[in-house]
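Each chain is listed here by its residues.
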Amino acid sequence: MGSGTTDVALIGAGIMSATLGTLIQHLEPDWSIEIFESLDGAALESSNAWHNAGTGHAGFCELDYATPLPGGGLDVSKSIAINEQFHVTRQFWSALVTCGDLPTPSAFVNPTPHVAFVTGAEQVSLLRTWYAALRSQPLFANLHYSDDPAQIGEWSRALVERRTPGEPIAATYEASGTDVDYGALTRALTDTLVERGARLHLHQRVTDLRRDGEGWMIEHRTPTGVATTPARFVFVGAGGGSLRLLQRSGVPEANGFGGFPVSGKFLRTRTSEVVDAHPVKAYGLAEKGVPGLGAPHLDHRTVDGEDSLLFGPFAGFDPRFLKAGSRLDLFRTIRPGNIAPMLTVAKDNFDLLKYLIREITAPRDKQMRALRKMMPAAVDADWEMIDAGKRVQVIGRNERGHGALQFGTELVISPGNNLAGLLGASPGASTAVPVMIRLLQEAFPDRYQGWTQPLRELVPSLGRSMNTDEEWALEIRRATAQTLGLGGA
Ligand SMILES: Cc1cc2nc3c(=O)[nH]c(=O)nc-3n(C[C@H](O)[C@H](O)[C@H](O)COP(=O)(O)OP(=O)(O)OC[C@H]3O[C@@H](n4cnc5c(N)ncnc54)[C@H](O)[C@@H]3O)c2cc1C
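Each value, and the rule that gives it
Residues numbered from 1 in each chain as written. Predicted model: local features only at pLDDT ≥ 70, side-chain atom pairs only at ≥ 80, totals over all residues. Heavy atoms only, no water. UniProt positions renumbered as here; feature names shortened; annotations may be inferred. Helix = DSSP H or I, 4+ residues; strand = E, 2+ residues; numbered from the N terminus. Rg over C-alpha atoms; globule rule 2.2 N^0.38 Å. Buried < 20%, exposed > 50% of the residue type's maximum accessible area, 1.4 Å probe, protein only. Contact = heavy atoms within 4.5 Å. Areas by Shrake-Rupley, 256 points an atom, 1.4 Å probe, with all protein chains shown as cover. Salt bridge = Lys/Arg side-chain N within 4 Å of Asp/Glu carboxyl O. Near = heavy atom within 4 Å. Polar contact = N/O pair within 3.5 Å; in protein donor to acceptor, adjacent residues only side chain to side chain. Nonpolar A, V, L, I, M, F, W, Y, C, P; charged D, E, K, R; others polar. Phe/Tyr/Trp six-rings, centres within 6.5 Å; stacked < 30°, edge-to-face > 60°.

Per an unreviewed UniProt entry, the chain is named Probable malate:quinone oxidoreductase, and its organism is Occultella aeris. Under the UniProt heading Cofactor (unreviewed entry), the note attached to the chain is "FAD". Recorded in UniProt for the chain, the comment headed Sequence similarities (unreviewed entry) runs: "Belongs to the MQO family."

Here you go:
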């Protein structure tokens, strides 16, 4: 390829591209990086502060990460794995703050305790089982449990005020939880990338990816026409736009995948007395019969120094894959290779579709009723409805080869073809660092060995489990918490 070829092209300026670019700039400072973004700034889609809930997912409050075991009890291995992943993320941010690549941590991460909150005798019993399964794990040693309304009220007044006396409730509380402004983080990382020589092309939508020798020719629409840029390696970090671009690239690893868009809304309040009553993030359990789209949560947020509460998400259906997308997005991703799994998913998930259509047309008082289950004293006038980001749930194949809706994140890596991409949305931005490190390992197998030492300077626990009470792990946790200005460890 010619001398004008960029070493790495990042498509999309969200948290994933910003994280991958930052890792690469640290490991290979001489590599050229170009970022192509269709909108007029970084972090305007899912990574924007108001388009997600800003939870630093660490398994402290997400009850749906646990799955029932056949003989009784719960399998909590996913909660532990996600907590470990978030420790990788925290270490990376801490290293960047120390070397001046990220600003004062409170600009993007703030201590916000995580609470799991349930109502009704059945849910209380489940929470007790969940707590019993986790409390012996070193990473969850500081988790507290209570079914005493007075104690829960100390954690969050909003959860108990005007609640019917005698209603069974229970909660767990973890002081070291976080609220993250992924938008501010993405912009700060992108600014540093650009300061160090990366080129950010705004208003440039990538429309095609064609093989070009060992690398790729990227076709992008500029404000004045169509241009092409050659690249040795391409990362498709286009969020909801990734599936279509991966399909255009023709890499075999993208075959068979489809996408199912889910739109969302949040209720938000900035009324200070209401916000002050809930200084935590509280996650509940989805009601029985509601398809697995995540539990309701009431989140304390800190964005641009201002505190607020978000409640939701309220899901809905819209065929667009991006907020700034087209109503044809869903149909444009239908291919001979994914039509069978997509039809299976449509047939098997008809209830989900009906639920989403019902939800998007739900009247305001139904949404307020959902909020009052968590915050009984909520008053309509304090709350406004805002649009959240889009999630494109991955449609893949299950172990039996049938089409299945997946709720996680799927890395698509084509090492021989120098291309990688990311599909899916959950647990999302909080796992960007471990996911992008795995991408480096799988997409650059020949180089990764040489990168492990510099990576360990950024992430000291690399390759080791943090779920231990040995001194080295505690020391890393304490040091990271201190640098990031977070409580606990
Ligand atoms: C309702 C909701 C709540 C969430 N809550 C949380 C949470 O609490 N915690 C958490 O960790 N995660 C959460 N997530 C997930 C998280 O927001 C996403 O996983 C994450 O932001 C995805 O980042 P990204 O970089 O992949 O995509 P994005 O941030 O969407 O960035 C993709 C970028 O690519 C650009 N683009 C698209 N197509 C093209 C193209 N063809 N050419 C050029 N540019 C293109 C877009 O304009 C956009 O800027 C939530 C998501 C949603 C929707």
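There is more to say after this.
**Q** Explain the overall build of the chain here, please?
**A** Scanning the chain from N- to C-terminus turns up 15 helices and 22 strands. A globule of 489 residues ought to have a C-alpha radius of gyration of about 23 Å, and the chain, at 22 Å, matches this closely. Burial status across the chain gives 56% buried among its 489 residues. Of the contacts formed within the chain by residues at least 6 apart in sequence, a portion of 72% connects residues at least 24 apart. Of the roughly 20,400 Å² of accessible surface on the chain, a fraction of 50% belongs to carbon and sulfur atoms.

**Q** How should I be thinking about unusual backbone geometry in this particular structure?
**A** With glycine set apart, most residues show a phi of negative sign, and most peptide bonds adopt trans. The omega angle of the peptide bond from Gly312 to Pro313 is -5 degrees, so this bond is cis rather than trans. Along the chain, Pro313 turns up in strand β17 (residues 306–316). Its identity is not glycine, yet Ala43 carries a phi of approximately 60 degrees, on the positive side. Note on placement: Ala43 falls in the loop between β2 (33–36) and β3 (67–68). Look at Ala43 and you get buried, because its relative accessible area is 2%. Despite not being glycine, Asn418 has its phi angle at roughly 55 degrees, a positive value.

**Q** I keep staring at the pattern of salt bridges and nothing clicks. Help me out?
**A** Side chains bearing opposite charge may pair, as long as their charged atoms lie close to each other. With the rule as written, the count across this model stands at 20 salt bridges. Notably, a salt bridge pairs Arg210 with Glu219, separated by 3.2 Å at the nearest N-O pair. Arg210 sits in the partly exposed class, given a relative accessible area of 36%. Arg369 is the salt-bridge partner of Asp365, the closest N and O atoms lying 3.4 Å from each other. Separated by 4 residues within a single helix, Asp365 and Arg369 lie in helix α12 (residues 364–374), roughly one turn from each other. You can call Asp365 partly exposed: its relative accessible area is 44%. What emerges from the salt-bridge pattern is a single network uniting Asp179, Lys281, Asp299 and Arg301.

**Q** What's the story with the site of the ligand in this structure? I'm lost.
**A** Around the ligand, 39 residues are found, and the nearest of them are Glu37, Ser47, Thr55, Val206 and Ser430. The contact in question runs from a nitrogen atom of the ligand to an N or O atom on the backbone of Ser38, over 3.2 Å. Note that a nitrogen atom of the ligand is positioned 3.1 Å from one of the backbone N or O atoms of Ala53. Contact with the protein chains hides 96% of the accessible area of the ligand, taken as 1,000 Å² for the molecule alone. At the level of elements, α1 (15–27) and β11 (205–212) are the ones that each hand at least two residues to the shell around the ligand. For the shell around the ligand, the per-class residue count stands at 17 nonpolar, 17 polar and 5 charged.

**Q** Hey, could you run me through the packing of aromatic side chains in this one?
**A** Under the criterion given, the structure shown has 10 aromatic pairs. Considering the side-chain rings of Trp155 and Tyr173, the 5.0 Å spacing of their centres and the 15 degrees angle between planes classify their relative orientation as stacked. Here the residue Trp155 occupies a position in helix α4 (residues 149–155), and Tyr173 occupies one in strand β8 (residues 169–174), the gap between them amounting to 18 residues. Plain terms: the ring middles of Phe233 and Phe444 are 4.6 Å apart, the flat faces sit at 40 degrees to each other, and that makes the pair tilted. One end of the pair, Phe233, is in strand β13 (residues 225–236); the other, Phe444, is in the loop between α13 (432–443) and α14 (445–458), and 211 residues separate them in sequence. Per residue, the accessibility class of Phe233 equals that of Phe444, and both read buried.

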